[in-house]
Amino acid sequence: MTRPTDLNDTLFQRARRVIPGGVNSPVRAFQAVGGTPRFVQRAQGAYFWDANGKRHIDYIGSWGPMILGHGHPAVVEAVQQALLDGFSFGAPTEREVQLAEEIIRYVPSMEMVRLVSSGTEAGMSAIRLARGATGRSKIIKFNGCYHGHADSLLVKAGSGLATFGHATSAGVPPEVVQHTLVLEYNDVAQLEEAFALHGDNLACVIMEPIAGNMNFVRASVPFMQRARELCTLHGALLILDEVMTGFRVALGGAQSVYAQQIPGFAPDITVLGKVIGGGMPLAAFGGKRAVMEQLAPLGPVYQAGTLSGNPVATACGLATLAQVSQPGFYDRLAGSTRALTAGLAGAAKEAGVDFCADSEGGMFGFFLLPELPQNYPAVMETDRERFNALFHGLLDRGVYIAPALYEAGFVSAAHSAADIEETVAAARAAFAALGRK
Ligand code: PMP
């Protein structure tokens with residue numbers, strides 16, 4: 001019997017001839033886990049169908065934006081209406097103003113906001129703004145946090161606190177990263193030492209408040225509090241990169257979660273993306289009025305974009321925010337997410353597999369480790385072979401999680417209790433195949 005043609009394979013072969021690695025963003029290539037990426041044909045609600053027509057329960061949701069699930073009717077309608085009025089004008093529109101007003105309403109630390117088209121652009125612009133506003137060059141980022149692929153942020157730690165980072169990508173000259181200091185996440189002592197050495201030359205500290213690019217690792221409350229205090233003390237700006245967590249973990253983002261535990265807590269600049277565009281290319285950065293007024297055309301910090309504030313993307317974002325701001329939305333979403341992680345934990349326990357998980361709102365992470373890691377080296381202690389086996393065990397059973405152990409997962413409002421039960425049943429079988437450890 002000949003094997004039926006796998007249309008994902010066929011497409012991947014075609015793709016690799018014309019697109020480097022066959023993909024337009026590296027993690028999609030399944031390089032970490034092996035095998036053939038699934039080419040998506042269409043998606044609806046909590047599911048997508050691949051090139052073979054096979055259905056998958058989707059826990060990636062475009063890496064975060066699809067918080068309502070795919071093809072939410074109100075969002076589809078808003079996008080269709082907007083399209084009829086024109087795709088792009090390169091001139092201001094009312095919808096941009098509305099979206100800025102909505103963002104500011106829910107994230108009050110952002111007194112003004114500028115819209116851009118990707119998280120990378122937003123992060124890069126936020127760093128330039130922080131440097132322009134402070135007149136300083138040096139920045140701190142944390143190992144395992146990702147803020148897009150701007151040159152100065154593609155950096156790994158140097159050999160000590162006095163040495164600045166090394167580029168993690170070819171094509172980034174050392175001069176470009178010489179001002180970037182990379183520290184370990186959740187290490188208060190190291191942060192204090194870095195400020196003691198460089199505090200007066202620091203423009204900003206940028207961090208993911210809940211890091212979703214090393215699976216799911218929360219900034220501890222003391223770490224976040226100390227970062228805020230040190231920035232204030234030394235006149236550096238605290239930038240929270242909430243591209244992933246913004247409107248995902250809570251209506252007010254992760255900063256609203258920390259503000260419950262740290263009185264008066266707020267960042268100076270916030271970076272948003274993903275959910276605020278509802279799946280369209282849209283991102284934003286914003287903060288204190290005095291800082292934002294440093295931007296062109298008001299101030300000396302240049303920043304621009306042909307498609308910035310795109311009318312179709314803003315319609316999609318506004319329709320998405322209208323849904324997530326309904327009373328009870330995040331409580332229901334958090335309930336579904338917790339049901340998933342609890343179900344997975346139960347299945348792992350039955351199989352005798354080391355497992356732990358955490359979640360906030362509609363974002364989760366799980367680890368094949370006995371306890372939750374606090375930083376990137378600890379995340380990377382996960383046994384890759386076992387993670388990869390689990391990934392494929394789930395994928396074969398129609399459950400699509402991130403194809404790398406250092407990525408977070410996302411539950412949408414479209415994931416039903418039955419979807420979660422189906423997922424847990426698949427996990428039970430996948431864990432059993434994995435064997436004890
Ligand atoms: N910051 C964070 C926290 C992210 O997770 C990402 C993308 N996953 C980015 C920035 C970059 O966003 P984009 O891919 O839209 O450029």
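Residues numbered from 1 in each chain as written. Predicted model: local features only at pLDDT ≥ 70, side-chain atom pairs only at ≥ 80, totals over all residues.

Draft legend 1. Layout of the pairing of strand β2 (residues 47-50). Residues Phe48 and Asp50 point to one face of β2 and are all buried, whereas Tyr47 and Trp49, pointing to the other face, are not buried. As paired elements, strand β1 (residues 40-44) and β2 share 4 bridges and run antiparallel to each other. Bridge pairing in β2 links Val40 to Asp50. Between β1 and β2, which pair antiparallel in sequence order, lie 2 residues; one of them, Gly45, sits at a positive phi of approximately 60 degrees. One ladder, built from 3 bridges, connects β2 with strand β3 (residues 55-58); its direction is antiparallel. Across the sheet, the residue bridging to Tyr47 is Ile57, located in β3. In sequence, β2 turns back onto β3 through a hairpin of 4 residues, with Gly53 there showing a positive phi of about 85 degrees. (Buried ≥ 20, exposed ≤ 12 C-beta atoms within 10 Å, placed from the backbone. Helix = DSSP H or I, 4+ residues; strand = E, 2+ residues; numbered from the N terminus. Pairing = 2+ DSSP bridges.)

Draft legend 2. Local environment of the domain arrangement of the protein chain. Parsing the protein chain into structural domains produces domain 1 (7-71 + 327-434) and domain 2 (73-324). Distance from the C-alpha centre of domain 1 to the C-alpha centre of domain 2: 25 Å. On the domain 2 side, the residues contacting the 26 residues of domain 1 number 31 residues. When contributions to the side of domain 1 that touches domain 2 are tallied by element, the ones reaching two or more residues are α11 (329-351), β15 (356-360), β16 (363-367) and α12 (376-379). Among the elements that take part in the side of domain 1 that touches domain 2, β16 stands out by supplying 4 residues, more than any other. Looking at the side of domain 1 that touches domain 2 residue by residue, the class counts come to 15 nonpolar, 8 polar and 3 charged. (Domains from an automatic or database assignment. Contact = placed C-beta atoms within 7 Å. Nonpolar A, V, L, I, M, F, W, Y, C, P; charged D, E, K, R; others polar.)

Draft legend 3. Main features of the sheet that holds β16. If you walk across this open sheet you meet the 3 strands as β15-β16-β18, and the pairing is antiparallel. For this open sheet the edge positions go to β15 and β18 (409-410), each flanked by a neighbour on one side alone. Pairing of β16 with β18 involves 2 bridges; the strand directions are antiparallel. Paired with Met363 across the strands is Phe410, a residue of β18. Docked against the sheet, α11 engages β15 and β16, running at close to 180 degrees with respect to β15. (Axes fitted to C-alpha atoms, helices over the stretch in contact; angles between N-to-C directions.)

Draft legend 4. Representation of the site of the ligand within the structure. Around the ligand, the structure places 16 residues, and the nearest of them are Ser118, Gly119, Thr120, Gly148 and Val243. Counted by class, the shell around the ligand contains 5 nonpolar, 9 polar and 2 charged residues. (Near = placed C-beta within 6 Å.)

Draft legend 5. Summary view of the confidence of the model for the protein chain. Per-residue confidence for the protein chain gives a mean pLDDT of 97, with 99% of residues at or over 70. Reported confidences for the modelled complex are a pTM of 0.98 and an ipTM of 0.99. (pLDDT = per-residue confidence, 0-100.)

Draft legend 6. Focus on the nonpolar core. Counting 128 residues, the largest nonpolar core has Ala130, Cys204, Val205, Leu237, Ile239 and Ala284 as the members making the most contacts within it. Here the element with the most residues in this core is helix α10 (residues 311-324); it accounts for 8 residues. The residues that make up this core include at least three from each of domain 1 (7-71 + 327-434) and domain 2 (73-324). Sequence-distant contacts of Val205, defined by excluding residues within four places in its chain, comprise Ile140, Ala227, Cys231, Ala236, Leu238 and Ile239. (Core = buried A, V, L, I, M, F, W, Y, C linked by C-beta atoms within 7 Å.)

Draft legend 7. Broad picture of the UniProt feature "modified residue: N6-(pyridoxal phosphate)lysine" (unreviewed entry) in the protein chain. Feature annotation in UniProt assigns "modified residue: N6-(pyridoxal phosphate)lysine" (unreviewed entry) to the following positions: Lys274. By the secondary structure assignment, Lys274 is in the loop between β13 (269-272) and β14 (283-287). Owing to 27 C-beta atoms within 10 Å, Lys274 belongs among the buried residues under this scheme. Setting aside residues up to four positions removed in sequence, Lys274 forms contacts with Gly64, Pro65, Gly119, Val243, Met244 and Arg248. (UniProt positions renumbered as here; feature names shortened; annotations may be inferred.)

Draft legend 8. Representation of the packing of helix α3 (residues 94-106) against α10 in the model. Two numbers describe how α3 lies on α10: the axes approach to 9 Å, and their chain directions differ by 35 degrees. Between α3 and α10 the crossing geometry is left-handed. Across from Arg95, Glu96, Gln98, Leu99 and Glu102 in α3, the residues of α10 making contact are Pro311, Thr314, Ala315, Gly317, Leu318 and Leu321. (Left-handed = near helix turned anticlockwise from the far one by under 90°.)

Draft legend 9. Local environment of α11. For α11, which comprises 23 residues, the first-to-last C-alpha distance of 34 Å matches the rise-based estimate of 33 Å (1.5 Å per residue) to within 8%. Every buried residue belonging to α11 is among Tyr330, Leu333, Ser336, Thr337, Leu340, Thr341, Leu344, Ala347 and Ala348, and all of these are buried. As for α11, its buried residues are in contact with β15, β16 and α14 (417-434). Within two residues after α11, Gly352 carries a phi angle of roughly 70 degrees, on the positive side. (Expected span 1.5 Å × (residues − 1).)

Draft legend 10. Spotlight on unusual backbone geometry. For the peptide bond that leads from Ala296 to Pro297, omega is 10 degrees, which places it in the cis range. Among the structural elements, Pro297 can be located in the loop between α9 (289-292) and α10. If you check the backbone angles, Trp63 has positive phi at about 65 degrees while not being a glycine. Examined against the element boundaries, Trp63 turns out to sit in the loop between β3 and α2 (73-84). Phi is positive for Asn215, close to 75 degrees, though the residue is something other than glycine.

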